[in-house]
4 protein chains.
Amino acid sequence: MASRMGARLKSDAPGQRFGAVRALTEALAAPLSDADATVQSMEDASPAKWHLAHTTWFFESFVLRDHVEGYALFDEAWPFLFNSYYEAEGERHARPQRGMITRPSLDEILAYRRHVNEALGAALPGLGDRPRELVELGLNHEQQHQELLLMDIQHLFAQNPLEPALFDPAPAEPAEAPGPVEWIEGRTGEVEIGCGAADRREGFAFDCEGPRHKVYLNPHALADRPVTNGEWIEFIEAGGYRRHEHWLMEGWAWVEDNRVEAPLYWRKEKNGRWYRFGLAGRQPIDLSAPVSHVSYYEADAYASWTGFRLPSEAEWEDAAREADPAAGNQLDGAGEPRPRPARPGDGVKQLFGDVWEWTQSAYQPHPGFRAAPGAVGEYNGKFMVGQYVLKGASCATPRGHSRASYRNFFYPHMRWQFAGLRLARDL
Amino acid sequence: MASRMGARLKSDAPGQRFGAVRALTEALAAPLSDADATVQSMEDASPAKWHLAHTTWFFESFVLRDHVEGYALFDEAWPFLFNSYYEAEGERHARPQRGMITRPSLDEILAYRRHVNEALGAALPGLGDRPRELVELGLNHEQQHQELLLMDIQHLFAQNPLEPALFDPAPAEPAEAPGPVEWIEGRTGEVEIGCGAADRREGFAFDCEGPRHKVYLNPHALADRPVTNGEWIEFIEAGGYRRHEHWLMEGWAWVEDNRVEAPLYWRKEKNGRWYRFGLAGRQPIDLSAPVSHVSYYEADAYASWTGFRLPSEAEWEDAAREADPAAGNQLDGAGEPRPRPARPGDGVKQLFGDVWEWTQSAYQPHPGFRAAPGAVGEYNGKFMVGQYVLKGASCATPRGHSRASYRNFFYPHMRWQFAGLRLARDL
Amino acid sequence: MASRMGARLKSDAPGQRFGAVRALTEALAAPLSDADATVQSMEDASPAKWHLAHTTWFFESFVLRDHVEGYALFDEAWPFLFNSYYEAEGERHARPQRGMITRPSLDEILAYRRHVNEALGAALPGLGDRPRELVELGLNHEQQHQELLLMDIQHLFAQNPLEPALFDPAPAEPAEAPGPVEWIEGRTGEVEIGCGAADRREGFAFDCEGPRHKVYLNPHALADRPVTNGEWIEFIEAGGYRRHEHWLMEGWAWVEDNRVEAPLYWRKEKNGRWYRFGLAGRQPIDLSAPVSHVSYYEADAYASWTGFRLPSEAEWEDAAREADPAAGNQLDGAGEPRPRPARPGDGVKQLFGDVWEWTQSAYQPHPGFRAAPGAVGEYNGKFMVGQYVLKGASCATPRGHSRASYRNFFYPHMRWQFAGLRLARDL
Amino acid sequence: MASRMGARLKSDAPGQRFGAVRALTEALAAPLSDADATVQSMEDASPAKWHLAHTTWFFESFVLRDHVEGYALFDEAWPFLFNSYYEAEGERHARPQRGMITRPSLDEILAYRRHVNEALGAALPGLGDRPRELVELGLNHEQQHQELLLMDIQHLFAQNPLEPALFDPAPAEPAEAPGPVEWIEGRTGEVEIGCGAADRREGFAFDCEGPRHKVYLNPHALADRPVTNGEWIEFIEAGGYRRHEHWLMEGWAWVEDNRVEAPLYWRKEKNGRWYRFGLAGRQPIDLSAPVSHVSYYEADAYASWTGFRLPSEAEWEDAAREADPAAGNQLDGAGEPRPRPARPGDGVKQLFGDVWEWTQSAYQPHPGFRAAPGAVGEYNGKFMVGQYVLKGASCATPRGHSRASYRNFFYPHMRWQFAGLRLARDL
């Protein structure tokens, strides 16, 4: 089971994991200018500076302030700025206004990080179980913000007609186009999903991943790999974005209102060919790689066009029960994070890495779920309405942050995350 | 099994059920003036005239036009006006503009109804199986619009400071306040829900109710009755609408943006007491009756405040498997439809009638669901995103239209339907 | 001077004018159904029922309630519904909600009118000067609402794909196309405009028309007639709606946001020809008649395209100083109000009747203007920002309600009024 | 006359004025970080980087590109980014998206400025009359953007709860509270206003300031000084923001929708006292200084409350005909620009400097006005709708940029400019 769970803060190396996670965030932000790190490109996104500070505020508030005697806040005025949505932590700066905070500067935020890193590094060996759990929660929280930071920078740079790049483009890796999908039959009958108490003793999991519980799986099969860019272009060329009969009513209104005709960040050259705008700027589309940056509406319409459907969360999670969550194409800080073609192999491939996979399951509580009390209990439960579960991990998810019970969630119209889909079918 | 399903069009009484359903619609509309029947009070609502005509258009298009030789449309221009959302049926009048159609008048719409009633009555004995199925679908469709018509009129009249009434108020029926909730344990393990092929041979069901399939129920119990108005007032008085910690984030934003402080249609007298605006105008609140006109957000917040939760669809449906769906407080056309106190008795009470009950289940397809081909296939499947399932029936649901597998659905912020809640708990 | 002013309530025929004005309103509303009279088609418009009641409320409140002893309100609850914007008169029903008032019915509103007509008819002979002035104000107020009622009904019927008609179409009156515009030089130097105290002794004028004051006119000329539909089609065909260089920046944004390509109510047949939707339904466009239903933006763009400009209010008013305001094509209740071709003649033609004429003058107070104290003082002054003056009268303006000093006003984007333009030039 | 006009580019010092104006812009931007210079705080504002680049683009496009052989654009991609609204110059980056351009950086923009400064400095001696006129136009254009840059930075910093400052606060200058307003009678009869051809030979003026033309002034007087902060606090304390009877209807809606209760940038301390947020951060309110940052609605309501009115443009301009436009409290780059108390003296004081003064005159063309052909002709004329003229100059207007004929203009709800008011009255 241990392989399914993220690494945990071990008592013999208290600061090492802390240092590594914090350093990755700083490495991701290193190419950013003060301006890059300040601007908020839409209400759903946050400035990089805010990600850098908010993840630090988490440690400062819930560990240093609450559990380390004598700790003085770096700046009394900053908690108001860098609290995200924890009502129990008091008033906070309105989310759509985050991009107005030109000061403190990026340099000052980095100094804040150093200050808290040092204080926490010094305090860590002496911390009891509860604050140590909060440190682990803070690190997983920070890993989520690493992916958000990349998503938000990509969205910001996409608004700039000059198409700036954060990473150098990777050299081309010619890949054979994958053959047709193979259907891998899943288990039928009672199975267990979710993260249980025993799992938590072995590694971290968010509260919403549990408890472990039984579900009944009806006969079904999953595609061995996600839908590729090449297949998506067929959908476009078959008029997929113009044929209402494949779309949910709400999705069809979304297509019409926003004149959607391709995944987010796809753009047409003057010669009519598509390219994608990515974290390495303007790039050709890799036909063999999984399609990314599609909404739930698009994923559902594509599935409808093929005559199949999206998997349920339970089907996906059961299929992933034996897979190694650290083996895929995930974020390690080197080179542009981008979905890559499936590597040859048997069974259900690319479960962890490349793209998050939309499921047809709404993000609702598992049977028996109870939110933790206090501010940290606001972490997950209060989002359980109107959103859909995405499973797995993407090329922008930090390695070591993944497990089968992980529940990512977004609203059905959102697509600035690295989200694709895998087909499923009833048997 | 027959008792779980709505009545079906029997070959020995072809026109009787048709006539009865159509007549009830006309009876509900009888007290309306031409103006009452024309105005659309919000985008989600439709004018009564539109309900009267749209249900008629359904029979005219899918039965008379498609299956009865020589039938001439009542008016060639009307299908454009009275199609609702069937993309396959071509262009249609924009939904938010439905209230602009002052002409044709209510009298002309009623003439349209008579024309189609007569043509269909004459054709019915000679119809084959497929058109007869469509007639049955049309009648169930019309029953849904009967409830919508009442909801929409109530919403319209609620905009009028003069507080008009559609029905005479019912005489007071003093009822003892119900005691504390009793918890009725549900079944644990594999159960079957949904409507199967065998059920359909016995009675009508919508496509989205099937197929019949297995689910696993974890240990749980349901309250024996819905939450009452008296209990809701306790919630209000305990500051329930002002304590963020009980609310979903989206729900809290909804409360703040709309300054919600009570169920829809509750209003405060100058003396600080609440009254409700209903289909019989201004009325006192019956403390023993189920609370109605609450959103999913409110239902979830109330449940959170009590420390319990909403039931899942499967838990509810399994609990209702033996209940008589025609025995409750439902619409029969006599007197103001309003939720009433539970009658004494054992077990899970008030499942059908009084109020629809919010579940924590998103309205997604059952395993194995496939939409029917063609325009009538647009009936249910295309709404399967972002909405929640409500089970049972309300005081405004026509008697004979209910069954355990029935899936009503609304967005979480909606509350102009007669919607309440029943608590559930994990065991 | 008398010819410039509207008729006044003479002491020897106290009830005759009152009866005539009130009867015209009722005649205009006679073809309306209860539904027609109830619906509000946009926020700027009001339901016909509201016009019928509000004009009555004016007499009831400011004359009967305030000046006739023993008068009892027809219904205590109605003033809240039928006050328009008089803050001093207390709370009132929100303007965008006027279309929700399905009850009272049209018949009840007509009964209200009869009640107030009778009470006021009985009281009139005994009224003193101040209430008699208020009656005269009320009658002029009602004449304004007669035109608004027609504008609002046209707008409502325009939303209906069935294109209903309020009037029978007039027989075709073949007219010779007018020749090119003739330029009529205006006076240069100091002139007087506005309505003075002496004028008011002879006839009614609104407070905003005064005081009489001097202005300086720079050398200029006015076109002898308004721009015609035929000329407007040339503008369309020359790409007038697609050439930004002729448009005010705000106007260009309005064109693009609303995809404007012709005057309001112009529609293209499938054969590419334009027709207009008017109060007699679908009608051919009379090329020789003045263009109507254009916004200030369109009027300004057209003028810019020709190299000329719109007149100032003072230029127009001085040119009209000798014209007979009762001689033009104005509302008399018989047949569809519609702009008609200029009749042959010399000088500045069609000043009163056919179409209101946009001027380049913002609706600001005349030098020395002071609003009247109290509720009736809210009549005009509080609108003096952001709107433009239109001069003259239209085919829907009641005859007898016009004079050179009259100041009509609308926002620059509005065009549901009968508004056209006349060119001017500097000399 | 020369004293009324801005300085002009003289042939004997071709580069000196150019260098001085350009250097002031850079000095104003010097304290800004890259982030400060990038963010756009509202749609009406622009980032400082954009001001720095756009003013440079003006010289590059209209002088260097069009009139200097062999000049190569600094960057081919930048004109798309830094064109403001010149339709004739082709497609441009959408205004609300200006704040998304984190790259080029502030340093790159400053390099762009140096490049163009050098190229233009080198070319200037050899330029003909037309390009030299365009340079002068560009300098006046840049001076306008100097004030806009300050306005926009103040607005941006006002969004930041940390209340950053651009300037050090000025030392307190105790000033005696001014006594009651003195009324200075203006001229009655025909006067001339506007900028004529002769004036232009002496100094620069924008096209919209002309032509010189006659107007008639009715008997009137102007207050000797603008309304002060102390007087405004009396208005607040008298309930001025809560009494509808003093407000234009549109203004009252604006007050209610935005919950306005004081000038922009005024904030209440916890002790109930007002302070202002300015370019030097949080500052006490100087009761003797002119009130600033009020909208037209507020200015009009204040005037109505006093029983007086706003001046017309002509009244103001005639009163200023002899005043020295360079003698007031204007921008010179040293210290926080802020309105200061009137200095003792006779006559109409503070006409130029401290605050722009709202007039009751809409921004419409002067008689005989014609826009220049081509892109530079888009400069002023296309804004002539819906806006009001402000006269004079503010503490943030560059010295040397002012004259009596100057026409500043804003929409009535805008108040992020340094705008106050002076009372006028009819005699």
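Located above this text is the structure these notes cover.
Below is a summary of the structure that appears in this document. (Residues numbered from 1 in each chain as written. Chains lettered and ligands numbered in written order. Predicted model: local features only at pLDDT ≥ 70, side-chain atom pairs only at ≥ 80, totals over all residues. Heavy atoms only, no water.)

All right, on to the relation of the copies chain A and chain D then. Taken as rigid bodies, chain A and chain D are interconverted by a rotation of 180° and an axial shift of 0.0 Å, the fit giving an RMSD of 0.0 Å. Here the symmetry operator amounts to a two-fold rotation axis. Across chain A, the rotation axis passes nearest the C-alpha of Ala35(A), at a separation of 2.0 Å. (Least-squares fit on C-alpha atoms with pLDDT ≥ 70 in both.)

Looking now at the interface of chain C and chain B. Size of an interface, as often reported, equals the accessible area lost when the parts are brought together. With 30 residues of chain C at the contact, the number on the chain B side is 30 residues. Summed over the shared surface of chain C and chain B, the result is two salt bridges. Asp36(C) is the partner of Arg103(B) in a salt bridge, and the nearest nitrogen-oxygen pair spans 2.6 Å. Where chain C meets chain B, there are ten residue pairs in polar contact (both at pLDDT 80 or more). Put simply, the parts of the chain that give the side of chain C that touches chain B at least two residues each are α3 (78–82) and α5 (129–158) of chain C. Per-element accounting of the side of chain C that touches chain B gives the leading share, three residues, to α3(C). When grouped by side-chain class, the residues that make up the side of chain C that touches chain B number 17 nonpolar, ten polar and three charged. (Contact = heavy atoms within 4.5 Å. Salt bridge = Lys/Arg side-chain N within 4 Å of Asp/Glu carboxyl O. Polar contact = N/O pair within 3.5 Å; in protein donor to acceptor, adjacent residues only side chain to side chain. Helix = DSSP H or I, 4+ residues; strand = E, 2+ residues; numbered from the N terminus. Nonpolar A, V, L, I, M, F, W, Y, C, P; charged D, E, K, R; others polar.)

Glancing now at the nonpolar core. Formed by 405 residues in total, the largest nonpolar core has its most connected members in Trp232(A), Trp232(B), Trp232(C) and Trp232(D). Excluding residues that lie within four positions of it along the chain, Trp232(A) makes contacts with Val227(A), Tyr241(A), Pro263(A), Trp266(A), Val291(A), Val294(A), Glu298(A), Ala299(A), Tyr302(A) and Leu421(A). (Core = buried A, V, L, I, M, F, W, Y, C linked by side-chain atoms within 4.5 Å. Buried < 20%, exposed > 50% of the residue type's maximum accessible area, 1.4 Å probe, protein only.)

In this structure the tally under the stated criterion is 112 aromatic pairs over all chains. The interplanar angle of 80° and the centroid separation of 6.4 Å between the aromatic rings of Phe58(A) and Phe59(A) together place this pair among those described as edge-to-face. Summarising the burial analysis for this pair, Phe58(A) and Phe59(A) share the class buried. For the pair Phe58(D) and Phe62(D), a centre-to-centre distance of 4.9 Å together with 75° between the ring planes defines the contact as edge-to-face. Highlighted residues: Phe58(D) and Phe62(D), both in helix α2 (residues 48–67), separated by four residues, approximately one helical turn. Neither residue differs from the other here; Phe58(D) and Phe62(D) are each classed as buried. Directly above the ring of Tyr275(B) sits Arg282(B), whose terminal nitrogen or CZ lies 3.9 Å from the centroid. Sitting over the ring of Trp183(D), Arg425(D) keeps its end group 5.1 Å from the ring centre. (Phe/Tyr/Trp six-rings, centres within 6.5 Å; stacked < 30°, edge-to-face > 60°. Lys NZ or Arg CZ within 6 Å of the ring centre and 35° of its normal.)

A few words now on the interface of chain A and chain D. Between chain A and chain D, the residue contacts involve 30 residues of the former and 30 residues of the latter. In total, about 2200 Å² of surface goes out of reach between chain A and chain D, with carbon and sulfur atoms giving 61% of it. The interface formed by chain A and chain D includes eleven residue pairs in polar contact (both at pLDDT 80 or more). When residues of the side of chain A that touches chain D are traced back to their parent elements, those giving at least two are α3 (78–82) and α5 (129–158) of chain A. Among the elements that line the side of chain A that touches chain D, the one with the most residues is α3(A), at three residues. Among the residues making up the side of chain A that touches chain D, the classes are represented as 17 nonpolar, ten polar and three charged. (Buried area = accessible area lost by both parts, 1.4 Å probe.)

From the geometry alone we can't say anything about function, so treat these as descriptive.
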